[in-house]
Amino acid sequence: MAKKKVVVDKAIKKDNTVIDAKKAALTEMMKEINKKSGHSVAQFGLPDVEYISTGINYLDQLIGGGLMAGRITTFMGMETSGKTSMAATMVAAAQRKDPNAVWMWLDFENSLYNTGSNQTGGDAKRSWLETLGVDTSRLVFIHSLETMEEYCNFCLTALRSDDTIINGIVIDSVGAMLPQGVAYKKVGANLKSKGLESDTMALLARSLGKFLSCVKGLLAKHKAPMLAITHIYADIGNGGYSVPKGGNAFRHFSDLRLNLTKGPRVNWPFNEKEGDKPIYLGFEQVVTLDKTKNSNSRTPGTQINLPFIYGKGIDECRFLANRAIYDGFISQGGAYYYFDDNLSPTCVPKDRKNKIQGLKQFWNLVDSDVNLRNSLFEKYKGVDLFQE
């Protein structure tokens with residue numbers, strides 16, 4: 001019987017001449033592809049990622065530096081958990097960073113509007129988006145259309161422009177999208193209205209999958225982030241509120257997914273009352289990192305509690321002031337609040353330099369005193385306030 005031949009693997013040495021020859025051939029191919037595409041789509045090595053601040057320092061830390069340009073972010077949560085306000089805060093931050101940025105807001109819910117003049121005949125009130133810092137003169141607001149195809153085609157047309165004319169998109173919300181096939185059926189060359197009894201199972205999920213497949217590359221081309229707002233619905237299978245409407249399209253296509261939960265109404269930092277009624281200033285917005293494709297972010301499941309102030313939105317400084325009271329850098333005695341300029345801890349509140357009476361007056365000071373705000377941010381610089 002012949003002996004079996006043993007093949008010994010020889011070590012392959014790196015040959016720069018071979019590599020250079022391959023790179024030279026590929027470089028010519030990439031030049032043609034990039035020229036045909038009108039922008040850089042092929043290169044050696046991974047492309048750099050540009051981050052856009054959310055405008056909330058601790059949220060930037062949670063997600064790894066801010067929103068990734070050209071990627072999709074989804075906000076999931078129950079009603080009144082602050083999803084729209086979170087998106088508007090991010091749009092305002094992006095507009096502050098780039099004074100030439102123009103965003104598109106697809107208002108499927110038809111829920112946002114200009115409040116106009118108040119009933120007393122005074123000056124025009126600011127809309128909620130303007131209160132949160134959005135420059136509405138640089139916001140393309142699409143509303144009052146019937147089907148999702150009309151909204152989405154307008155979005156695709158803007159993104160297919162050779163020049164970057166849209167710097168970001170907000171979808172508000174996925175649950176309000178109405179596919180044309182739900183409302184109409186094609187009869188010859190015409191569309192005929194459908195009744196509510198028509199069965200259109202999974203039509204929204206299929207339409208979303210098609211839309212996101214088309215829009216994903218265009219967002220990357222223009223480095224335009226997309227913020228999608230979606231509600232959470234009950235899963236009949238397990239009875240839990242864990243399923244977003246529209247199937248799994250956004251779950252798969254999203255590069256970042258945040259789960260927003262409305263915590264209890266609170267009146268920071270202690271329960272104060274006017275007579276027998278508590279003074280509620282807002283609620284705790286619990287932000288949980290559900291999914292991320294950013295290696296710099298915290299691990300999924302990490303959360304941060306942010307104070308949502310009625311009439312103002314997310315207030316990071318008040319969050320830090322609340323923590324400073326908890327940690328003893330600011331003392332509370334009766335109706336008074338005591339603190340030093342550098343927020344140094346002491347056991348005797350009356351020995352502190354500054355004193356102010358009343359919760360509302362204290363928060364007004366936090367809002368207006370630049371030195372106090374800077375002291376708060378400096379005190380907690382580098383401190384881990386996240387819950388793993």
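Above this note sits the structure.
Note that the coordinates shown come from a computational prediction; the quantities given were computed from them, not determined experimentally. Note on numbering: residues in each chain are counted from 1, in written sequence order. Given that the model is predicted, a residue must reach a pLDDT of at least 70 before its local features are reported, and side-chain atom pairs must reach 80 or more before they are shown or counted; all residues, however, enter totals for whole chains, interfaces and linings. Excluding hydrogens and water, the side-chain values take into account all heavy atoms of the structure.

A. Summary view of the nonpolar core. Take the buried Ala, Val, Leu, Ile, Met, Phe, Trp, Tyr and Cys residues and link them wherever side-chain atoms come within 4.5 Å; each set so joined is a nonpolar core. Each residue is placed in one exposure class: buried if its accessible area under a 1.4 Å probe, protein chains only, is under 20% of its type's maximum, exposed if it is over 50%, and partly exposed if it falls in between. Among the nonpolar cores identified, the biggest contains 58 residues, and Phe75, Met86, Trp105, Leu227, Leu258, Val287 and Phe362 are the most heavily contacted of them. In this structure, Cys152, Leu159, Leu208 and Ala249 belong to the second largest nonpolar core, which totals 29 residues.

B. Fine view of the sheet that holds strand S19 (residues 354-357). What makes two strands pair is DSSP finding at least two bridges between them. Numbered from the N terminus, helices here are DSSP runs of H or I no shorter than four residues, and strands are runs of E no shorter than two. If you walk across this open sheet you meet the three strands as S17-S18-S19, and the pairing is antiparallel. Looking at the sheet topology across the chains shown, the edges are occupied by strand S17 (331-333) and S19. Averaged over all adjacent pairs, the angle separating strand axes in this sheet is 25 degrees, with direction ignored. Strand direction decides the pairing type here: strand S18 (residues 336-339) and S19, joined by four bridges, are antiparallel. The residue bridging Tyr338 from the neighbouring strand is Lys355, located in S19. A fitted line through C-alpha atoms represents every axis, and for helices the fit uses only the stretch in contact; the resulting angles, taken between N-to-C directions, go from 0 to 180 degrees.

C. Just the environment of Gln387, in detail. Tracing the sequence through the fold places Gln387 in the segment after helix H11 (370-379). For the pair formed by Gln387 and Asn305, sequence separation is 82 residues and the distance between their alpha carbons is 8.8 Å. Only heavy atoms enter the contact rule, under which two residues are in contact if any of them lie within 4.5 Å. Aside from chain neighbours lying at most four places away, what touches Gln387 is Gly301, Thr302, Gln303 and Asn305.

D. Broad picture of the side chain of Lys291. Here Lys291 is to be found in strand S14 (residues 282-292). An unpaired buried charge is present at Lys291: no salt bridge exists, and Asp255, the closest side chain of opposite charge, is 6.8 Å distant. We define a polar contact as two N or O atoms separated by no more than 3.5 Å, with the added condition that, inside protein, one atom must be a possible hydrogen donor and the other a possible acceptor, whereas residues neighbouring each other in sequence contribute only through side-chain atom pairs. Among the polar contacts made by the side chain of Lys291, one reaches the main-chain carbonyl oxygen of Ser254 at a distance of 2.8 Å. The residues touching Lys291, leaving out its near neighbours within four places in the chain, are Arg251, His252, Ser254, Asp255, Leu256 and Arg257. Charge counting treats Lys and Arg as positive and Asp and Glu as negative, with His and both chain ends excluded. Any carboxyl oxygen of Asp or Glu within 4 Å of a side-chain nitrogen of Lys or Arg constitutes a salt bridge here.

E. Representation of helix H7 (residues 203-222) in the model. Between its terminal C-alpha atoms H7 stretches 29 Å, which fits the 28 Å expected from 20 residues at 1.5 Å a residue. To get the bend at a residue, fit one axis to the 7 residues ending there and another to the 7 starting there, then take the angle between the axes. Of all the bends in H7, the greatest, near 30 degrees, is centred on Val215. Of all the positions in H7, only Leu203, Leu204, Ser207, Leu208, Gly209, Phe211, Leu212, Val215, Leu218, Leu219 and His222 are classed as buried. Looking at the packing, one finds that the buried side of H7 touches strand S3 (72-77), helix H5 (148-159), strand S6 (168-172), helix H6 (180-183), strand S9 (226-234) and helix H8 (249-253). Looking at the residues trailing H7, positive phi occurs at Lys223, about 55 degrees. For a helix, the expected span equals 1.5 Å multiplied by the residue count minus one.

F. Fine view of empty space enclosed by the protein. The rule is simple: put a 1 Å grid over the protein atoms alone, call a set of points where a 1.4 Å probe fits but cannot get out a cavity, call an open set with protein on both sides within 12 Å along at least five of seven lines a pocket, and count a residue as lining if it has an atom within 4 Å of a point. Grid points are joined across faces, edges and corners, and a volume is the space filled by probe spheres set on the points. Taken as a whole, this structure holds two cavities of 30 Å³ or more when the rule is applied. The space that makes up the largest cavity amounts to roughly 60 Å³. Those elements giving two or more residues to the lining of the largest cavity turn out to be strand S2 (67-68) and S3. Each residue is assigned to one of three groups, with Ala, Val, Leu, Ile, Met, Phe, Trp, Tyr, Cys and Pro labelled nonpolar, Asp, Glu, Lys and Arg labelled charged, and all others, Gly among them, labelled polar. Residues of the lining of the largest cavity, tallied by class, amount to five nonpolar, four polar and three charged. Taken as a whole, the second largest cavity holds about 50 Å³ of empty space. As for the second largest cavity, its lining consists of Thr74, Val174, Leu208, Thr230, Pro244, Lys245, Gly246, Gly247, Phe250 and Arg251. The class makeup of the residues in the lining of the second largest cavity is four nonpolar, four polar and two charged.

G. Geometry of unusual backbone geometry. Omega for the peptide link from Asp172 to Ser173 comes to 0 degrees, which places this bond in the cis form. With respect to the helices and strands, the residue Ser173 is situated in the loop between S6 and H6. Positive phi outside glycine occurs at Thr80, with the angle close to 60 degrees. With respect to the element layout, Thr80 can be found in the loop between S3 and helix H3 (83-97). A relative accessible area of 53% means that Thr80 is categorised as exposed.

H. Structural context of a nonpolar patch on the surface. A grouping of Leu26, Met29 and Phe44 is seen on the molecular surface, where their side chains present a nonpolar patch of about 290 Å² in accessible area. Mapped onto the secondary structure, Phe44 falls in the loop between helix H1 (16-37) and strand S1 (51-52). Looking at Phe44, the relative accessible area reads 43%, which means it is partly exposed. Patch membership requires over 30% relative accessible area and the absence of a salt bridge. Like charges are linked within 9 Å, and nonpolar side chains (Val, Leu, Ile, Met, Phe, Trp, Tyr) within 5 Å. To measure how exposed things are, a 1.4 Å probe is used in the Shrake-Rupley method; for residues, cover is taken only from the protein chains shown.

I. A look at the layout of surface pockets. In this structure, the largest pocket encloses a volume near 540 Å³. Lining the largest pocket are 17 residues, and of these Ser40, Pro47, Asp48, Ala220 and Lys223 sit closest to its centre. Grouping the amino acids of the lining of the largest pocket by side-chain chemistry returns seven nonpolar, five polar and five charged.

J. Layout of the packing of helix H9 (residues 316-327) against H11. With their axes 10 Å apart at the nearest point, H9 and H11 run at an angle of 70 degrees to one another. Considering the angle they form, H9 stands roughly perpendicular to H11. The two elements H9 and H11 cross, and the hand of that crossing is left-handed. Contacts from Glu316, Cys317, Leu320, Ala321 and Ala324 in H9 reach Arg373, Leu376 and Phe377 in H11. In terms of residue class, the contact of H9 with H11 is made up of six nonpolar, no polar and two charged. For classification, angles of less than 35 degrees are called roughly parallel, those exceeding 145 degrees roughly antiparallel, those between 65 and 115 degrees roughly perpendicular, and all remaining angles oblique. Left-handed describes a crossing whose near helix is turned anticlockwise from the far helix through less than a right angle; right-handed describes the clockwise counterpart.

K. Region of interest: the pattern of salt bridges. Tallying each qualifying case throughout the model produces six salt bridges. Residues joined in a network through salt bridges with shared partners are Arg71, Lys216 and Asp255.

L. Quick look at the packing of H5 against H7. Two elements in contact, H5 and H7, have axes separated by 10 Å at closest approach and are oriented at 15 degrees. By the criterion of interaxial angle, the relationship of H5 to H7 is roughly parallel. Considering only the axes of H5 and H7, their crossing is left-handed. Within the contact between the two elements, H5 uses Met148, Glu149, Cys152, Cys155, Leu156 and Leu159 and H7 uses Leu204, Ser207, Leu208, Phe211, Cys214, Val215, Leu218, Leu219 and His222. Each residue belonging to the contact of H5 with H7 can be placed in one class, and the counts come to twelve nonpolar, two polar and one charged.

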